[in-house]
Amino acid sequence: MRLLVCGVRGSTPAPGPEFVRYGGNTSCVAVLADDDELPRLVLDAGTGLGRLSKELGGEAFVGTILLGHLHWDHTHGLPFFPAGYHPDAKVQVLLPEQGEDAEELLGRAFSPPHFPIWPRQLGVGWRFDSLKEGEHDIEGFDVLAREIPHKGGRTFGYRVSDGASSIAYLSDHGPVAYGAGPDGFGPYHEAAMALASGVDLLIHDAQHTAAEFPSRSFMGHSAVDYPVGLAKEAGARSVLLFHHDPPRTDDELDAIVESLAGGPVPVTAAAEGVVITL
Ligand SMILES: [Zn+2]
Ligand SMILES: [Zn+2]
């Protein structure tokens, strides 16, 4: 499996010279099986989705965009995805089931007067559907979808496997209880443990530092050391810090990665444009 990291930032894009090495686009990761030339599965549609169009080099996107939840930073890229307007494009958008029509739900933020068009106006090749918790075959990948604690809207984490390697993607996830449990974050959530169990790479929310976390825990995100503890408990082999806080500079991210070196699992921070081969 290969991953093309297209957007790494949480909450809102972070343009500027302090952010050029890790990147300022919001959440988007393309997943390729070993024999895929073009990605067919994309996790989240933050502004990083625009970068994926460039990587496709003028080819149409044919595949599925799997949304973990509907916060702006995970959907803003949908209408700015030229590879999805190609006449040969076929784009299936899947979002967590929550008792409403998927397109109507997305259209609440993505329609006049908030935005000039409705989702269906993206093109005839687009369709929108809901996904239930559980195991699915999506674009040839085994995908496990589980609801995980975040804030303000149903949020899924995903485990994706091609049979040879596996990842867990928990872009937005915070501890349910602060101050107790094995690492001071409360007990690790059962769904997060199931998703992360034994994966090659845990891609996880790392919005805050440990020092920032006590005053920000209400936001539904994690501190950088949380995914390290989760990986250790769940037997995940490595961690990719993701959903970086918008003001977090390149130098600060370097320092965070350095501070976590020598821990129970290898830790890196997600950077745009990087291809990860598992
Ligand atoms: Zn987010
Ligand atoms: Zn969110």
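Up top you'll find the structure we're talking about.
Residues numbered from 1 in each chain as written. Chains lettered and ligands numbered in written order. Predicted model: local features only at pLDDT ≥ 70, side-chain atom pairs only at ≥ 80, totals over all residues. Heavy atoms only, no water.

Brief notes about the pairing of strand 5 (residues 90-96)
With six of seven residues buried, strand 5 lies mostly within the body of the structure. Pairing analysis gives six bridges linking strand 5 to strand 6 (residues 126-131), with the strands arranged parallel. Counted as the bridge partner of leucine 95 is serine 130 from strand 6. Read from strand 5 through helix 2 (residues 102-107) to strand 6, the crossover connection turns out right-handed. (Buried < 20%, exposed > 50% of the residue type's maximum accessible area, 1.4 Å probe, protein only. Helix = DSSP H or I, 4+ residues; strand = E, 2+ residues; numbered from the N terminus. Pairing = 2+ DSSP bridges. Right-handed = clockwise from strand over helix to strand, strands pointing away.)

Section: the nonpolar core
Counting 33 residues, the largest nonpolar core has Leu170, Leu202, Leu230, Val239, Leu241, Leu260 and Val267 as its most contacted members. The element contributing the most residues to this core is helix 5 (residues 226-234), with five residues. If near-sequence neighbours (up to four positions away) are discounted, leucine 241 is found in contact with His204, Ala206, Val224, Pro227, Ile256, Val257, Leu260, Val267, Thr268, Ala269 and Ala270. (Core = buried A, V, L, I, M, F, W, Y, C linked by side-chain atoms within 4.5 Å. Contact = heavy atoms within 4.5 Å.)

Let's talk about the coordination of the zinc ion (ligand 1)
On the protein side, the zinc ion (ligand 1) has Asp73 (OD), His74 (NE2), Asp172 (OD) and His243 (NE2) as donor atoms, found 2.1 to 2.2 Å from it. Around the zinc ion (ligand 1) sit four donor atoms, and with donor-metal-donor angles ranging over 89 to 167° the site reads as irregular. Between the donor residues of the zinc ion (ligand 1), the gaps in sequence give the motif D-H-x97-D-x70-H. For the pair the zinc ion (ligand 1) and the zinc ion (ligand 2), the metal-to-metal distance amounts to 3.4 Å, and aspartate 172 bridges them. With aspartate 172 in the loop between strand 10 (166-170) and helix 3 (190-196) and histidine 243 in the loop between strand 12 (239-242) and helix 6 (250-259), this residue pair connects regions lying 71 residues apart in the sequence. (Donors = N, O, S within 2.8 Å, 3.2 Å for Na, K, Ca; no water. Tetrahedral: all angles 85-135°; square planar, octahedral: opposite > 155°, others 65-115°.)

A short note on helix 5
The buried fraction of helix 5 is high, at seven of nine residues. For helix 5, the set of buried residues is Tyr226, Pro227, Val228, Gly229, Leu230, Ala231 and Ala234. Where the residues of helix 5 are buried, they touch helix 3, strand 11 (201-205), strand 12 and strand 13 (267-269).

Concerning the coordination of the zinc ion (ligand 2)
Around the zinc ion (ligand 2), the protein supplies His69 (NE2), His71 (ND1), His150 (NE2) and Asp172 (OD) as donor atoms, at distances of 2.1 to 2.5 Å. Here the zinc ion (ligand 2) binds four donor atoms, and the angle range of 88 to 170° at the metal identifies the geometry as irregular. All donor residues of the zinc ion (ligand 2) come from one chain, and their arrangement in sequence is H-x1-H-x78-H-x21-D. Histidine 71 sits in the partly exposed class, given a relative accessible area of 25%. What makes histidine 150 buried here is its relative accessible area of 17%.

Examining the pattern of salt bridges
Considering all chains together, one arrives at 16 salt bridges under this definition. One salt bridge connects arginine 154 with glutamate 147, and the closest N-O pair in it is separated by 2.9 Å. Assessed through its relative accessible area of 22%, arginine 154 is described here as partly exposed. Overall, the relative accessible area of 33% leaves glutamate 147 in the partly exposed class. Each member of the salt-bridge network shares a partner with another, and the members are Glu133, Arg146, Glu147, Arg154 and Glu190. (Salt bridge = Lys/Arg side-chain N within 4 Å of Asp/Glu carboxyl O.)

Geometric values such as these leave the question of function open.
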